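Okay, here's what each chain looks like letter by letter:
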Amino acid sequence: MSSGPGLRAGASLPDAKARELSLQRYRIRAAGYDDTCGPTWPIRERTVAAMHLQPGQCVLDVGCGTGLSLGLLRAAVGATGRIYAFDQSPEMLELARARVAREGWSNVVLLHAPAHEVHLPERVDALFFHYTHDILRSVPAIDAMLACARPGAAVAIAGVKYFPWWLAPLNPWVYLKNRDYNGAPGGLRSPWDLIAPRLEHWRMTPVQFGMGYIGTGRAPASDTITSGTIARQ
Ligand SMILES: C[S@@+](CC[C@H](N)C(=O)[O-])C[C@H]1O[C@@H](n2cnc3c(N)ncnc32)[C@H](O)[C@@H]1O
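Note that this is a predicted model, so its numbers are computed, not measured. (Residues numbered from 1 in each chain as written. Predicted model: local features only at pLDDT ≥ 70, side-chain atom pairs only at ≥ 80, totals over all residues.)

**Q** How do you make sense of the sheet that holds strand β2 (residues 82–87) when you look at a structure like this?
**A** Sheet strands associate in pairs through backbone hydrogen bonding, adopting either a parallel or an antiparallel arrangement. Spatially, β3-β2-β1-β4-β5-β7-β6 is the arrangement adopted by the 7 strands of the open sheet, whose pairing is mixed. Strands at the two margins of the open sheet, each flanked by one partner only, are β3 (108–112) and β6 (200–207). For this sheet, the mean angle separating the axes of adjacent strands, direction not counted, is 15 degrees. Relative to strand β5 (residues 149–160), strand β4 (residues 124–130) is paired through 6 bridges, and the arrangement is parallel. Residue pairing in the sheet places Leu127 in a bridge with Val155 of β5. Taken strand by strand, helix α3 (residues 70–77) contacts β1 (58–62), β2, β3 and β4, and its axis lies near 160 degrees from that of β2. (Pairing = 2+ DSSP bridges. Helix = DSSP H or I, 4+ residues; strand = E, 2+ residues; numbered from the N terminus. Axes fitted to C-alpha atoms, helices over the stretch in contact; angles between N-to-C directions. Contact = placed C-beta atoms within 7 Å.)

**Q** Can you walk me through the site of the ligand in this structure?
**A** Around the ligand sit 22 residues, and of these Gly63, Gly65, Gln88, Ser89 and His130 come closest. Examining the composition of the shell around the ligand, we find that 3 residues originate from one element, helix α1 (residues 13–33), more than from any other. Among the residues making up the shell around the ligand, the classes are represented as 11 nonpolar, 8 polar and 3 charged. (Near = placed C-beta within 6 Å. Nonpolar A, V, L, I, M, F, W, Y, C, P; charged D, E, K, R; others polar.)

What follows is the structure, given as structure tokens:
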């Protein structure tokens, strides 16, 4: 679909820098990535469950990485459903491709693209963001994701955030941990604050003693494109 994830004219400079840093980080991390995900597996399961996917539905796995969520998503939408999944990191996506080939999943479409360039042939019933902090910190990326969703689509987001005030001395550690995986590691007080105002029924539940969150909401019931953003009607 995309011709490649390099830096492009049109993306804002902070976004381009963040994406370049992220590409560098996952070039190094891809091979060992899956081994680091055991502790957050229950969060992955809860976030998939929060979308209440039905057999036959269509879901977008945003920044799918090595495709660790694809099995859960496929179990939820069944063989008649469709899963689109994209990532800008060639190394991460290659592992997702190998997983899909190994499992013989014919209803999973993998795309090599940065979020702000993703276009799908249909609008999806659900958007799934699992530990995709950089994408949530980019307005053009959020615009593109919401443009992929049908009105009223389910949205579920999981990620890292700062601990509440009584554990705040641990937050420098949270920042450094997040920096290892992201090109735009700031915004940890409320990582959802660029997307949540654009959703309906937003609800955030802290997890991991407040160092993580699961957020849910719905794409607007109707939308219109205004100067590069999707505005609520
Ligand atoms: C922490 S990993 C999460 C991967 C997967 N969602 C999971 O839960 O296992 C973040 C992923 O987001 C991807 N990513 C970061 N910025 C991106 C962007 N602007 N467009 C597409 N993918 C991006 C990275 O390449 C990486 O694979």
